[in-house]
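Each chain is listed here by its residues.
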Amino acid sequence: MVYNFSAGPGVLPEPVLREVQAEFHSYKQGVSIVEMSHRSETFATIVEQLEMRLRRLMHIPDDYAVLFLQGGATLQFSMVPMNLRATGRFAYLDSGIWSKKAIADAKHFGNVIVVGSSASSNYGTIPEWPEHIQDVDYLHVTLNNTIEGTRYTKLPDTGVPLVADVSSNILAEAIDVKRYGLLYAGAQKNIGPAGLTLVIIRRDLIVDRDLPSYLAYSKHVDTLLNTPSTFSLYVAERVLAWVEGEGGVEAMERRNVEKSGLLYDALDASPLFHAVVSGKQRSLTNIPFTTGDAETDRAFQRFAEARGLIELGGHRSVGGLRASLYNAMPLEGVTRLIDVMHEFEQEGQDVSYKNV
Ligand SMILES: *Cc1c(COP(=O)(O)O)cnc(C)c1O
């Protein structure tokens, strides 16, 4: 049994993978899903179902459009400022490496005002919400910082539209959609294969701004502008059916609180490992941890890999260790990780970590 702790592309539900495998060669019309027109009735039904499921799961109101795009969260770093640009002033919270990248891209399209930053503490914490902001087109926040393992839980009342990157916490915890102007997420963390990006946008924010067609939100509303990532849409629809069958986002959040709670408790009690983030800011989905020694961290990674626990390395920019506990990670994966941590602690008392 292999447990995959990858931060993305991440683990997908086992029953969905089996279903996809069984249907891959011939889907309904006797052809594979990947050789079917995206304009066919069969495929249109899949996209409709996907949108309906997402709307039900996230309680998305009718005055929001759901767009299925490509280019990842990274393309949204540009599409957001391009499309929401009115005054050309944009506010950003700088809470991690992904928000830093979002800020760098937004600077191509206007004046970025960083209203809070934890860069000086290496993003070990998250900046506070600004007290009062005005005269900007939106305030951008990365709700869950995938690399650093921090998250926002409370939302402020702002007079400006809130834009959130929810790539690593969408469907993992409840998100009150109506508090936001726009939400976006790459699908590959918690929804499906790479190649699909979700944008949920309040319709009144969709304004024609004379942009090239693909880059304009207005050209994607209630239609497929061009050929989407059909396979990713198909798998995503199956994953959302699984989430619904398991009890929806509320059930996922309960499980993720339980899974992450077990791991944080084990880390807090460990004589060797510790969590990088403390307190209320701890992410439910991405948990960076370390022994404090890079070589011992690497030794543990190899030790865990040999026992079927893979992808526990921290992001290449920060090192250390990281366990991502997305929806499809079962509780058993977490208890197994904790057992293997204990085993490593025991063995470390007898031999040098470097040799295990
Ligand atoms: C993974 C990630 C990204 C980058 O997503 P791509 O789809 O690879 O562009 C951006 N933001 C956050 C919060 C992420 O976790």
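Data block above holds the structure.
Analysis parameters
Residues numbered from 1 in each chain as written. Predicted model: local features only at pLDDT ≥ 70, side-chain atom pairs only at ≥ 80, totals over all residues. Heavy atoms only, no water. Pairing = 2+ DSSP bridges. Helix = DSSP H or I, 4+ residues; strand = E, 2+ residues; numbered from the N terminus. Axes fitted to C-alpha atoms, helices over the stretch in contact; angles between N-to-C directions. Contact = heavy atoms within 4.5 Å. Buried < 20%, exposed > 50% of the residue type's maximum accessible area, 1.4 Å probe, protein only. Expected span 1.5 Å × (residues − 1). Near = heavy atom within 4 Å. Polar contact = N/O pair within 3.5 Å; in protein donor to acceptor, adjacent residues only side chain to side chain. Areas by Shrake-Rupley, 256 points an atom, 1.4 Å probe, with all protein chains shown as cover. Salt bridge = Lys/Arg side-chain N within 4 Å of Asp/Glu carboxyl O. Core = buried A, V, L, I, M, F, W, Y, C linked by side-chain atoms within 4.5 Å.

**Brief notes about the sheet that holds strand E2 (residues 64-69)**
Part 1 of the argument: Within the open sheet, the seven strands sit side by side as E2-E10-E9-E8-E5-E3-E4. Their pairing is mixed. Each having just a single partner strand, E2 and strand E4 (111-117) make up the two edges of the open sheet. Taking the axes of each pair of neighbouring strands and ignoring which way they run, one obtains an average angle of 20° across the sheet.
Part 2 of the argument: Sheet topology places E2 next to strand E10 (residues 197-202); six bridges connect them, and they run antiparallel. The partner of phenylalanine 68 across the bridge, within E10, is leucine 198.
Part 3 of the argument: Sitting on the sheet, helix H4 (residues 97-106) touches strand E3 (89-94), E4, strand E5 (139-142) and strand E9 (182-186), and the angle it makes with E3 is about 160°.

**Considerations on the pairing of E5**
Part 1 of the argument: Neither face of E5 is open: one carries Leu139 and Val141, the other His140 and Thr142, and all of them are buried.
Part 2 of the argument: Strand direction decides the pairing type here: E3 and E5, joined by two bridges, are parallel. Note on E5: the bridge partner recorded for tyrosine 92 is histidine 140.
Part 3 of the argument: By the bridge criterion, four bridges tie E5 to strand E8 (residues 162-165) in an arrangement that is parallel. Each bridged residue has a counterpart across the sheet, and for threonine 142 the counterpart in E8 is aspartate 165.

**Observations regarding helix H6 (residues 248-269)**
Part 1 of the argument: Over its 22 residues, H6 extends 32 Å from the first C-alpha to the last, a length consistent with the 32 Å expected when each residue adds 1.5 Å.
Part 2 of the argument: Gly248, Val249, Ala251, Met252, Asn256, Lys259, Ser260, Leu263, Tyr264, Ala266 and Leu267 are the residues of H6 that are buried.

**Description of the site of the ligand**
Part 1 of the argument: Near the ligand, the surroundings consist of 13 residues, among which Thr74, Thr146, Asp165, Gln188 and Lys189 are the closest.
Part 2 of the argument: The contact in question runs from an oxygen atom of the ligand to an N or O atom on the side chain of glutamine 188, over 2.9 Å.
Part 3 of the argument: Protein contact buries 87% of the 390 Å² of open area that the ligand shows by itself.
Part 4 of the argument: If you tally residues by element for the shell around the ligand, the top one is helix H3 (residues 72-84), at four residues.

**A closer look at the pattern of salt bridges**
Part 1 of the argument: Per the counting criterion, the structure on display carries 16 salt bridges.
Part 2 of the argument: Note that lysine 219 and aspartate 208 form a salt bridge whose closest N and O atoms lie 3.8 Å from each other. A residue pair is termed long-range when its members are at least 10 positions apart, and lysine 219 in the loop between E10 and helix H5 (230-245) and aspartate 208 in the loop between E10 and H5 qualify at 11 residues.
Part 3 of the argument: With a closest N to O distance of 3.0 Å, arginine 307 and glutamate 343 form a salt bridge. Placement of arginine 307 in the loop between helix H7 (294-305) and strand E13 (309-310) and of glutamate 343 in helix H8 (residues 331-350) is noted, with a sequence separation of 36 residues between them.

**Points about the nonpolar core**
General note: in soluble globular proteins, nonpolar side chains tend to be found buried as a group.
Part 1 of the argument: Core analysis: the largest hydrophobic core is formed by 54 residues, its most contacted members being Leu54, Met58, Leu171 and Leu183.
Part 2 of the argument: With eight residues, H5 is the largest single contributor of residues to this core.
Part 3 of the argument: The contact partners of leucine 54, leaving out residues within four places of it in the chain, are His59, Ile60, Val66, Leu171, Leu198, Ile200 and Leu240.

**Things to note about H3**
Part 1 of the argument: Here H3 is 13 residues long and its end C-alpha atoms lie 18 Å apart, about the 18 Å a rise of 1.5 Å per residue gives.
Part 2 of the argument: Where burial is concerned, most of H3 is hidden: 11 out of the 13 residues are buried.
Part 3 of the argument: If you check which residues of H3 are buried, you get Gly72, Ala73, Gln76, Phe77, Ser78, Met79, Val80, Pro81, Met82, Asn83 and Leu84.
Part 4 of the argument: Residues of H3 that are buried in the fold lie against E2, E3, H4, E8, E9 and E10.

**Digging into the environment of glycine 292**
Part 1 of the argument: With respect to the helices and strands, the residue glycine 292 is situated in the loop between strand E12 (286-290) and H7.
Part 2 of the argument: A relative accessible area of 61% means that glycine 292 is categorised as exposed.
Part 3 of the argument: A sequence separation of 249 residues divides glycine 292 from phenylalanine 43, and the C-alpha atoms of the two residues are 50 Å apart.
Part 4 of the argument: In this structure, glycine 292 is in contact with His274 and Asp297, ignoring residues within four places of it in sequence.

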